[in-house]
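# Structural overview
Spelled out from the first residue to the last, the chains are:
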Amino acid sequence: MDKRCIVELNNINMVYHTLEEETLALKDVNLEIYDGELIGIVGPSGCGKSTLLSIIAGLIKPTSGSIRVKGNLVEKPLKNIGYMFQKDQLFDWRNIISNVVLGLEIQGRLNNETLEEAKELLENYGLGDFLYSYPYQLSGGMRQRVALARTMILKPDILLLDEPFSALDYQTRLAISDEVGIILRENKKTAILVTHDIAEAISLCDRIVIMSKRPGTIKDIIDINLTCEGESTPIKLREAPEFRHYFNKIWKELDIHVQ
Ligand code: ADP
């Protein structure tokens, strides 16, 4: 893989202030993310994963430390970033194609050519028959594919995925994470996936960052190398002989105790 660093986090600290208290959410976070890699972030709830994504996107400013994306200091919200969240955030009153071109419309880039691109993308994602349907007519998995199309049509440099599959039932989740993983690989996208699902992270990611409980620090970064005969799709990678080893290692390091 090309080892060009695309995101660089240097000594990030984040303190939230409320009237009642100060919360140290992130402490001394240093991380380099490489072009084209899929990096997972796992950690206990409240350890600062969403905060970290917002900092990378330039949506919040850390208390101290610096972020560089493609070598440039991030000081305001970035434009070349795509998002996928747990909730697909489709607009119920817009049909599928209108939802997908929303970003293009806002950026003044909607024309016949980009509209055709959007239709083609939806066809590639198996949604060619649903261009003029409304979100409520689609299943949860299909809606997430629409959300991905809406993001991908803007050709973002980096994708931030914040628990994008966790509202889906288990079967759909497996299928859609497999599809999204394949799409990201084919497009050589740099993506950061926050998830609480260890198996999902192992099957999709090149590296996994394990965060400690609050204040969130990076406890470990694990390179994932799974061997697989034939086509290495995320679902097939779950059968790799090394899978269980990574799962146990990450599980131990997460040190989660049920209260
Ligand atoms: P995670 O995504 O890992 O669950 P978050 O980044 O959402 O964690 O939150 C990290 C910590 O910062 C939590 O303790 C949370 O309560 C606190 N926090 C997050 N956002 C705010 C905010 N806007 N104001 C005050 N505290 C916040």
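Attention in this report is confined to the structure presented alongside it. (Residues numbered from 1 in each chain as written. Predicted model: local features only at pLDDT ≥ 70, side-chain atom pairs only at ≥ 80, totals over all residues. Heavy atoms only, no water.)

### Digging into the site of the ligand
Taken together, 13 residues lie near the ligand, and Gly46, Lys49, Ser50, Thr51 and Arg214 sit nearest. At a separation of 2.8 Å, an oxygen atom of the ligand approaches a polar backbone atom of Gly46. Measuring from an oxygen atom of the ligand, one finds a backbone N or O atom of Gly48 at 3.0 Å. Starting from 570 Å² of accessible surface for the ligand in isolation, the protein chains cover 64%. Sorting elements by how many residues they give to the shell around the ligand places helix H1 (residues 49–56) first, with three residues. Residues of the shell around the ligand, tallied by class, amount to four nonpolar, seven polar and two charged. (Near = heavy atom within 4 Å. Polar contact = N/O pair within 3.5 Å; in protein donor to acceptor, adjacent residues only side chain to side chain. Areas by Shrake-Rupley, 256 points an atom, 1.4 Å probe, with all protein chains shown as cover. Helix = DSSP H or I, 4+ residues; strand = E, 2+ residues; numbered from the N terminus. Nonpolar A, V, L, I, M, F, W, Y, C, P; charged D, E, K, R; others polar.)

### Looking at the sheet that holds strand S1 (residues 5–17)
If you trace the four strands from one edge of the open sheet to the other, you get S2-S1-S4-S5, paired in antiparallel fashion. Across the chains shown, the open sheet's two edge strands, defined by having one partner strand only, are strand S2 (22–34) and strand S5 (72–73). Bridge analysis of S1 against strand S4 (residues 64–69) gives five bridges, and the strand direction is antiparallel. By the bridge assignment, Asn10 is partnered in S4 with Ser66. Against the sheet, H1 makes contact with S1, S2 and S4, and its axis sits at roughly 120° relative to S1, the strand it touches most. (Pairing = 2+ DSSP bridges. Contact = heavy atoms within 4.5 Å. Axes fitted to C-alpha atoms, helices over the stretch in contact; angles between N-to-C directions.)

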